[in-house]
Amino acid sequence: VYVARMTTTTTIQTTCDFSTRSLVSTSSSQQRLLVSSSSSSPFARRQHGRRGRNLTVSSSSSTSTTETETTGTEKQQQKLEELPKSTSQQVELAAKSVKKALESGKKNVEVTFDIPLIGATDLDDWPGGVRQQYQSMSPMVEALMKAVSGEKTVAKKVIDDADAVVKVTSGDDVCTTFPTAEVLSDLKQITKDAKRANMIINPQWVLNGNILNDFGFGPWREKNEKFVKEFEIAYFLKEQRIQGETFRLQKVFGGPWQVFVLNQQTGQVEPLPPFEERPSYRELEALLQSREGSIAAMNWVERAQSEMTFNAESLTRKPNNTNQDE
């Protein structure tokens, strides 16, 4: 185990949004980056309009421990979770994180799943939009609710059919899928009535607009943003792409933001130094460019050639977000 440090002081406001639900917020702070020498398991998927290659990596344990430096000489031990290689492992890790959040006294939590593709075409990963995404994510949500509540059944109530906003209950626990700013009044009532866990799954709002965002402006915006920020991230996994480099960003409750590069040349998953705070687009870009052999560090001609090769080869491979353990 070793420690690597990267200091960033950017004040550029940038959104890292590579899907209809993905959001990486900006920050202007110094980040200490830490890395573990252990390997990670693959959980690859296809990113918008592209089929990626199946990625493999060997590993002997489900978690690894890294010594992280926080402030001054203060040090703490943190467990770095591996990258799930199947939807079932993703749900298991999410349930574990939600339970941990509940044990710490958190009631309102947020979960973001990396959704497995269904019905994808060469031009569009989700020709059916968010309703198609709900069909794919629904079994994951049901499994999560049962794992958290300990019950064997779930009940569903559609709040907004067009945007696939659905209230799912199991025992004393409740979640809302794909919540939008338009259903905040419903979500506030659900939150008021919630007895135990109150989860939002893959929220679709955007919080970082300069003047006008999904929650309006002025006092209305401030009030609504304050409400949604009450939901603490319990689990987050999202695939993104920056400058031709495909990677996944993962966070479990109480842990750092982990970065896993899906190496197109070697077919391996490479864990990079994690961030203590949610990284901005610029911070992720700098981290990716610092890798040896990084696509993000190539000039535009080399990157274009790499993209052409990647796109051509991807047509002969099945989408790599399917379960890699089957």
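Since we're looking at a predicted model, the values are computed, not measured. (Residues numbered from 1 in each chain as written. Predicted model: local features only at pLDDT ≥ 70, side-chain atom pairs only at ≥ 80, totals over all residues. Heavy atoms only, no water.)

Asker: Looking at this structure, how should I read the side chain of K251?
Answerer: Tracing the chain through its elements places K251 in strand β11 (residues 245-252). Despite its burial, K251 pairs with no opposite charge; the closest candidate is E232, at 6.8 Å N-O. In terms of polar contacts, K251 uses its side chain to reach the backbone carbonyl oxygen of G255, at 2.3 Å. Ignoring any residue separated from it by four or fewer positions in sequence, one finds K251 in contact with I233, A234, Y235, F236, P256 and W257. (Helix = DSSP H or I, 4+ residues; strand = E, 2+ residues; numbered from the N terminus. Buried < 20%, exposed > 50% of the residue type's maximum accessible area, 1.4 Å probe, protein only. Lys, Arg positive; Asp, Glu negative; His and termini not counted. Salt bridge = Lys/Arg side-chain N within 4 Å of Asp/Glu carboxyl O. Polar contact = N/O pair within 3.5 Å; in protein donor to acceptor, adjacent residues only side chain to side chain. Contact = heavy atoms within 4.5 Å.)

Asker: Explanation requested: the pattern of salt bridges in the structure shown.
Answerer: Oppositely charged side chains may form a pair once their charged atoms are brought near each other. Within this structure, the stated rule accounts for eleven salt bridges. Between E245 and R291 there is a salt bridge, with its nearest N and O atoms 3.1 Å apart. Of this pair, E245 sits in strand β11 while R291 sits in the loop between α5 (281-289) and α6 (300-314), and the two are 46 residues apart along the sequence. Of the two residues examined, E245 and R291, each falls in the buried class. Counted as one network, the salt bridges with shared partners bring together D114, E239 and R248.

Asker: What is the right way to look at the confidence of the model for the protein in this model?
Answerer: Reading fine detail from the predicted coordinates is not recommended where pLDDT is low. Mean pLDDT for the protein: 75, with 64% of residues reaching 70 or above. Below pLDDT 50 for its whole length, residues 1-62 participates in 234 contacts with residues either more than four positions away or in separate chains. Residue range residues 65-77 is modelled with pLDDT below 50. Its contacts to residues more than four positions away, or to other chains, number 32 contacts. (pLDDT = per-residue confidence, 0-100.)

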